[in-house]
Structures are given as structure tokens and as C-alpha cells.
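# Analysis of the macromolecular model
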Amino acid sequence: MQYTDEEICTQFWDDPSQYHGSVSPPIYQTSLFAFKSFKEFTEAQKLERENYVYSRGVNPTVQILEQKLAALERGEKCKCFSSGMGAISAVFHTLLRSGDHVVVINNIYGPTTELIHYLSKFHISYSVVDHQLTNIYEAIQENTKLIYVESPGTMLMKVIDLQAVTKIAKEQGIVTAIDNTWSTPIFQKPLTLGFDLSIHSLTKYIGGHSDVIGGAVIGDQDLVDEIFQYGYQLNGAVLGAHDAYLINRGLRTLPIRLKQHQENALNVIEYLQTKVEVASIYHPSLVKKDAPYLDKQMKGFTGLLSFELKEANFLSVSRFIDALSLFKIGVSWGGYESLVNSPVKDNNEQQLNEQGISPGLIRLSIGLEGSELQIDDLEKAFQQL
């Protein structure tokens, strides 16, 4: 039976009859599970990735979340982690060995880039391909084991033809993984487009309330089970039961929250397009006519966007950001609150230019306060330039 996304987020895998009629499943805040006999215990240990033995393996509260996320992504299995980087690290540590090569496509999350750099000490190499896939065939080597993608990408929100990537990967027998945090499974389902693994920072839109950190990997049964056995259980990035409960709570309102994030963001973009101080705006909704594959690939657009000031330097960015009051200055994104950030520092303008990123770039996470309030706040900041 195929459930709708709304059914999955609200009621899928919830059975109040198991919990005395409680519509909210309980928090199994336990480190271990006791058994009636030693034989029963030893039998359970033989399949510790399926049976409740120790919460470093499976936990009922966490398992509810995993079932929901697997269903949302149309995957066979999900494993949750204590952070998005825990999930990403588990994928790399499980699938790669010394001498392997990774193809990275698009601008990706900074700590993920740092991880790939770090893996060079284990003789794992990588090549970078831009969002247009212009040199993807040249980047693939005989020892390429993984193609890793972000779409939309970090900071500039550039999008990739995901089916084009998976077609090439399948021809070469290469595993594909994507960070799908920006879109969430509500707006993009990469597994249905041929990807082997979809990865999330649950800290962002899925959690949605800026009060919990988590990560997830979703894919087919065998591949996720391998990541479970080695990248998860041996590295120990365990998602706790209470955190899983908070993320399950966030899931219940995810579809309707995303609609509001999208509406607010589109209104803010329309406003930014009127400002002479703005050089460029970056959001996937603005490139639909140049990326016809998006109609098949994405069902909607969330509230993370960037724009460039024409006066591109640390001082102008600081003046703009410091004049904001509704938009809070901070890392992360995808919560109920509006946030602002920028990659520019007082000593890295040349480095950003070399990376193709303007020192005037400002990233906005458009929250749920309403676009009228958000635009009023931005207008006050523009008046300070």
C-alpha cells in the first residue's frame, strides 16, 4: 500500500493500541532491554540490528522515526544518527577503503568537504564536478567507488539533473549518495530517481524547531544494513530516544510547514528582485526555465536562499546583517525562525572570489513569521547601506 506523505508524517507506524491509547508513542529512554531467559537473550544477540538488545542498535522510539523516513523517501530501510555529519561519516567510512576515489558534484556542505580532505590520510582521493556536469566523465576513474551529490547545493543553491547522474553511475557500477536536506523527502525523492542513498540532517526542516540535532541515511535494505553494522554501530553516532521523539514531533507538521516556508521565501525573493543593491539571487525557483528536469525532480522549494550585495565586502555585509532584528545571526537553517549568515570574514574575501563565491553573499533561512514581517526587517537593513 502506498501512503501519502501526509499520512506518513502524521500516523504511519503509530499504533495507539500498543501504548494504552496514547496518540504520541512513548519515549523508550533506556540503554538496554532485559530478557526472561538467557537463551532468549543469546538468540536476540544474533540479530542485534533487528532485535531490542541495546539502544546502540535499535530502540523503539528511534525505530518509529526510521520507518517514517524510509517510507517518505520510498526506501527500504533507514538508519538514524546523532547528527547529519554522523550519517555522512558513516556512509564514507563504510563504503570506502584505502585507494578508492570519490566524485563530488556541486558545492557541498563545508564539514563534508573537510571530511573528504581528512580521508586523504587513508589514501582516499576525490575530484569535484560542477553542477552542470561538464567534466563528469573525465572525473570518473577506475577506482571511483562513490558519487556524492548535493542538490540544491550549499550557499549558491545550484541544482543538478539527478537522473543524468544516476544513469552515468549505473553504467559504471558506482554507488550514488545525495544530501537531500535542502528539499526534504516532501519536495524531492532521490531514490525514485535512481540514487542508492539519500542522506539528511534531521536538524533542519524535518526537526523544524531548532531544538534537536540528528541525521539519517535511507536506501535499500542491504546497503543500509551494511552502514548500520559498520558505520553506525562501530562509530557510535547514536540518536537518543528523546531526540527521536522530538524529530517525530517535527515530522507531524512538516508538509504544512514547508508550504509556509515556500510561500514566504517566494514573497521575499519577489521583494529582493526590486532592490538595486542586489546583484544576484540564488534559489532553485529562479532557474526552472533553464532546468526543465526540475519539474520531474522537485515538487516544491523550501525557504533557504542567498543573494549578493553589489557592494561586495565584509563591511557592507556586516552593516546589512547587524541592522536586522527579526532575522537572527546564526548557523544552521530550516527551523521556525528566520536566520541570516554569510561566508565572508574579515580576512577571506580573496579566497571566496577564488571559489566563485562573492564576498557580498548573504544567506537567508526564511522562517515562519510571515513574509510581511521578514520584508520589513530586510528593508530596514537595506536602508543602512
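Our structure's up above, just so we're on the same page.
Residues numbered from 1 in each chain as written. Predicted model: local features only at pLDDT ≥ 70, side-chain atom pairs only at ≥ 80, totals over all residues. Heavy atoms only, no water.

This paragraph deals with the overall build of the chain. In terms of regular secondary structure, the chain is built from 15 helices and 12 strands. A compact globule built from 385 residues would reach a C-alpha radius of gyration of about 21 Å, and the chain, at 22 Å, matches this within 12%. Taking the principal axes of its C-alpha atoms as reference, the chain extends roughly 75 × 55 × 40 Å. Every one of the 385 residues in the chain was classed for burial, and the buried ones make up 54%. Restricting to contacts in the chain with at least 6 residues of sequence separation, those with at least 24 account for 73%. Entry remark: accessible area of the chain is about 17,400 Å², with carbon and sulfur atoms responsible for 51%. Where the 32 positive side-chain charges of the chain centre and where its 45 negative ones centre are 3 Å apart. (Helix = DSSP H or I, 4+ residues; strand = E, 2+ residues; numbered from the N terminus. Rg over C-alpha atoms; globule rule 2.2 N^0.38 Å. Buried < 20%, exposed > 50% of the residue type's maximum accessible area, 1.4 Å probe, protein only. Contact = heavy atoms within 4.5 Å. Areas by Shrake-Rupley, 256 points an atom, 1.4 Å probe, with all protein chains shown as cover. Lys, Arg positive; Asp, Glu negative; His and termini not counted. Charge placed at Lys NZ, Arg CZ, Asp CG, Glu CD.)

All right, on to the pattern of salt bridges then. If you walk through the whole model with that rule in mind, you get 13 salt bridges. The closest approach of N and O atoms between Asp5 and Lys189, which form a salt bridge, is 3.1 Å. Placement of Asp5 in helix H1 (residues 5-10) and of Lys189 in the loop between helix H8 (184-187) and strand S6 (197-201) is noted, with a sequence separation of 184 residues between them. Take Asp5: its relative accessible area is 6%, and that puts it in the buried class. Close ionic contact of Glu311 with Arg319 constitutes a salt bridge, the shortest N to O distance being 3.1 Å. Exposure remark for Glu311: the relative accessible area of 41% places this residue in the partly exposed category. Connected through salt bridges with shared partners, the residues Asp5, Arg74 and Lys189 form a single ionic network. (Salt bridge = Lys/Arg side-chain N within 4 Å of Asp/Glu carboxyl O.)

In this section: the packing of helix H4 (residues 84-95) against helix H9 (residues 221-232). Orientation of H4 relative to H9, taken along the N-to-C sense of each, is 95 degrees, at an axis distance of 9 Å. With respect to H9, the axis of H4 lies roughly perpendicular. The residues of H9 that touch H4, namely those facing Ala90, Val91, Thr94 and Leu95, are Leu223, Glu226, Ile227, Tyr230, Gly231 and Tyr232. Taken together, the residues that form the contact of H4 with H9 break down as 7 nonpolar, 2 polar and 1 charged. (Axes fitted to C-alpha atoms, helices over the stretch in contact; angles between N-to-C directions. Parallel < 35°, antiparallel > 145°, perpendicular 65-115°, else oblique. Nonpolar A, V, L, I, M, F, W, Y, C, P; charged D, E, K, R; others polar.)

This part takes up the sheet that holds strand S2 (residues 101-105). Pairing within the open sheet is mixed, and its 7 strands lie in the order S1-S7-S6-S5-S4-S2-S3. For this open sheet the edge positions go to strand S1 (77-81) and strand S3 (125-129), each flanked by a neighbour on one side alone. Strand-to-strand twist across the sheet, computed as the mean angle between neighbouring axes with direction ignored, equals 20 degrees. The pairing of S2 with S3 spans 5 bridges and is classified as parallel. Each residue of the ladder has a partner; that of Ile105, found in S3, is Val129. Running at roughly 175 degrees to strand S4 (residues 144-150), helix H7 (residues 162-172) makes contact with S2, S4 and strand S5 (175-179) of the sheet. (Pairing = 2+ DSSP bridges.)

What follows deals with the pairing of S6. For S6, a buried count of 5 out of 5 residues is recorded, marking the element as mostly surrounded by other parts of the structure. Because side chains alternate across S6, one face comprises the buried residues Leu197, Ile199 and Ser201, and the other comprises Ser198 and His200, equally buried. Note that S6 and strand S7 (residues 215-219) share 5 bridges and pair antiparallel. Following the sheet pairing, Leu197 is matched in S7 by Gly219.

What follows covers the nonpolar core. If you look at the biggest cluster of nonpolar residues, it comprises 84 residues, and the most contacted ones within it are Leu69, Ile105, Phe307, Phe320 and Leu364. The biggest single contributor to this core is helix H11 (residues 254-272), with 7 residues. If near-sequence neighbours (up to four positions away) are discounted, Phe307 is found in contact with Leu272, Val278, Ser280, Ile281, Phe320, Gly360, Leu361, Ile362, Leu364 and Phe382. Core analysis: the second largest hydrophobic core is formed by 28 residues, Leu96, Leu115, Ile116 and Ile227 among them. (Core = buried A, V, L, I, M, F, W, Y, C linked by side-chain atoms within 4.5 Å.)

Okay, unusual backbone geometry next. Pro152 follows Ser151 through a cis peptide bond whose omega is -5 degrees. Looking at where Pro152 falls in the secondary structure, it is placed in the loop between S4 and H7. One non-glycine residue, Trp13, adopts positive backbone phi at about 70 degrees. Note that Trp13 resides in the loop between H1 and helix H2 (38-46). Judged by its relative accessible area of 45%, Trp13 falls in the partly exposed class. Even without glycine at this site, Ser332 takes up a positive phi of about 70 degrees. Counting through the fold element by element, Ser332 comes out in the loop between strand S10 (328-329) and strand S11 (339-341). What makes Ser332 partly exposed here is its relative accessible area of 26%.

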